[in-house]
Amino acid sequence: MRKKIVAGNWKMNKTLDEALALTSEVVNMVNDEVTGDVQVILCPPAIYLTTLNKYVENSPKIALAAQNCSDKASGAYTGEISASMLKSIGIEYVVLGHSERREYFGETNAQLAGKVNIALENGLTPIFCCGESLNQRQNEDYIGFVKNQITESLFHLSEEQFGKVVIAYEPIWAIGTGLTASSEQAQEMHAALRAHIAGKYGNEVADNTSILYGGSVGAANAEELFASPDVDGGLVGGASLKSRDFTTIIKARQ
Ligand code: 13P
């Protein structure tokens, strides 16, 4: 059975005090209110990971993710953070290939293949992001475009390695815009991606792959999105910065 996951991507938000307050609130709400089987993942800015790990270590439902890691093992790469560093401070997950990193930092499918490799070598679970722009959705084979992102960054992996990857489909036109994909649009893409994975690795691997939806997921639309059979959870941006909204989304998935 694939995991149900709700991950909160804080992006570049929150000072330390704010990060501590938000984490405490989420920990308390999850401990008090979430009874079901759902993995909650907080993705704060990397500078807070060590501190926040102490806040979540007694909450088995909650894990931490970095928002990125380097594709290099170590060395003269000023400002970068390696997968082995994340592992050494007890981090389990890393978000890779977010559309903001692709757009603003020029990350390519080939470079992301390298990041996925080094994350897996260090025992981190990649949350691999993919998704098309509005222009691509209107003018191109948008399903083919997203499938190709997965082919180029993930299909070199062995079956065992691929089995450790979480996919997050985030249509760029729905990120931070308040314009959510409809549950039909999300289901269409998720089913197509699962079929694409089945074509390469077989039905069992595809059935066990968690595919999250991201893009304006909120307290009001989470339940409907999560009702689609191939939507296994969410990668939440803005709404993850508010503990009550984020907990409502988690409860919609449990
Ligand atoms: P929003 O939920 O703010 O649209 O962001 C989605 C996202 O990019 C999560 O990684």
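Rules of the game
- Residues numbered from 1 in each chain as written.
- Predicted model: local features only at pLDDT ≥ 70, side-chain atom pairs only at ≥ 80, totals over all residues.
- Heavy atoms only, no water.
- Pairing = 2+ DSSP bridges.
- Helix = DSSP H or I, 4+ residues; strand = E, 2+ residues; numbered from the N terminus.
- Axes fitted to C-alpha atoms, helices over the stretch in contact; angles between N-to-C directions.
- Contact = heavy atoms within 4.5 Å.
- Expected span 1.5 Å × (residues − 1).
- Buried < 20%, exposed > 50% of the residue type's maximum accessible area, 1.4 Å probe, protein only.
- Arc of directions from axis to C-beta.
- Near = heavy atom within 4 Å.
- Polar contact = N/O pair within 3.5 Å; in protein donor to acceptor, adjacent residues only side chain to side chain.
- Areas by Shrake-Rupley, 256 points an atom, 1.4 Å probe, with all protein chains shown as cover.
- Nonpolar A, V, L, I, M, F, W, Y, C, P; charged D, E, K, R; others polar.
- Phe/Tyr/Trp six-rings, centres within 6.5 Å; stacked < 30°, edge-to-face > 60°.
- Lys NZ or Arg CZ within 6 Å of the ring centre and 35° of its normal.

Observations regarding the sheet that holds strand 6 (residues 166-169)
Read around the closed barrel, eight strands run 1-2-3-4-5-6-7-8, paired in parallel fashion. On average, adjacent strands in this sheet sit at an angle of 25 degrees to one another, irrespective of strand direction. For strand 4 (residues 93-96) and strand 5 (residues 125-130), the ladder comprises four bridges, and the chain directions are parallel. Counterpart to Val 94 in the pairing with strand 5 is Pro 126. Running over the sheet, helix 7 (residues 142-154) touches strand 5 and strand 6 and is turned about 145 degrees from strand 5. Lying on the sheet, helix 9 (residues 183-201) is in contact with strand 5, strand 6 and strand 7 (211-214); it crosses strand 7 at an angle near 150 degrees.

Some words on helix 7
Compared with the 18 Å implied by 1.5 Å per residue over 13 residues, the 18 Å span of helix 7 between its first and last C-alpha is a close match. Taken together, the buried positions of helix 7 are Tyr 142, Ile 143, Val 146, Gln 149, Ile 150, Ser 153 and Leu 154. Along helix 7, the residues classed as buried sweep out an arc of 120 degrees about the axis, all on the same side.

Notes on the site of the ligand
As a structural note, the neighbourhood of the ligand is formed by Asn 9, Lys 11, His 98, Glu 170, Ala 174, Ile 175, Gly 176, Gly 215, Ser 216, Leu 235, Gly 237 and Gly 238. At 2.6 Å from an oxygen atom of the ligand is found a main-chain nitrogen or oxygen belonging to Gly 176. At 2.9 Å, a backbone N or O of Gly 237 approaches an oxygen atom of the ligand. In the complex, 95% of the free accessible area of the ligand, which totals 310 Å², lies under the protein chains. Class assignment of the residues belonging to the shell around the ligand gives a composition of three nonpolar, seven polar and two charged.

Notes on unusual backbone geometry
Phi at Lys 14 is positive, roughly 85 degrees, even though this residue is not glycine. You can see Lys 14 is positioned in the loop between strand 1 (5-9) and helix 1 (16-33). With a relative accessible area of 26%, Lys 14 lands in the partly exposed category. The phi angle at Ser 216 is positive, at roughly 55 degrees, despite the residue not being glycine. Following the sequence through the fold, Ser 216 ends up in the loop between strand 7 and helix 11 (222-226). The class for Ser 216 is partly exposed, based on a relative accessible area of 22%.

Things to note about the packing of aromatic side chains
Scanning the model with the defined rule gives four aromatic pairs in all. With centroids separated by 4.5 Å and ring planes inclined at 20 degrees, the aromatic side chains of Phe 162 and Tyr 201 adopt a geometry described as stacked. On the criterion of sequence distance, the pair formed by Phe 162 in helix 8 (residues 159-162) and Tyr 201 in helix 9 is long-range, its members being 39 residues apart. In terms of burial, Phe 162 and Tyr 201 fall into one category: buried. A connected cluster of aromatic rings, assembled from ring pairs, spans Phe 155, Phe 162 and Tyr 201. The aromatic ring of Phe 105 is capped on one face by Arg 101, whose charged end is 4.1 Å from the ring centroid.

This is a description of form; function is not addressed.
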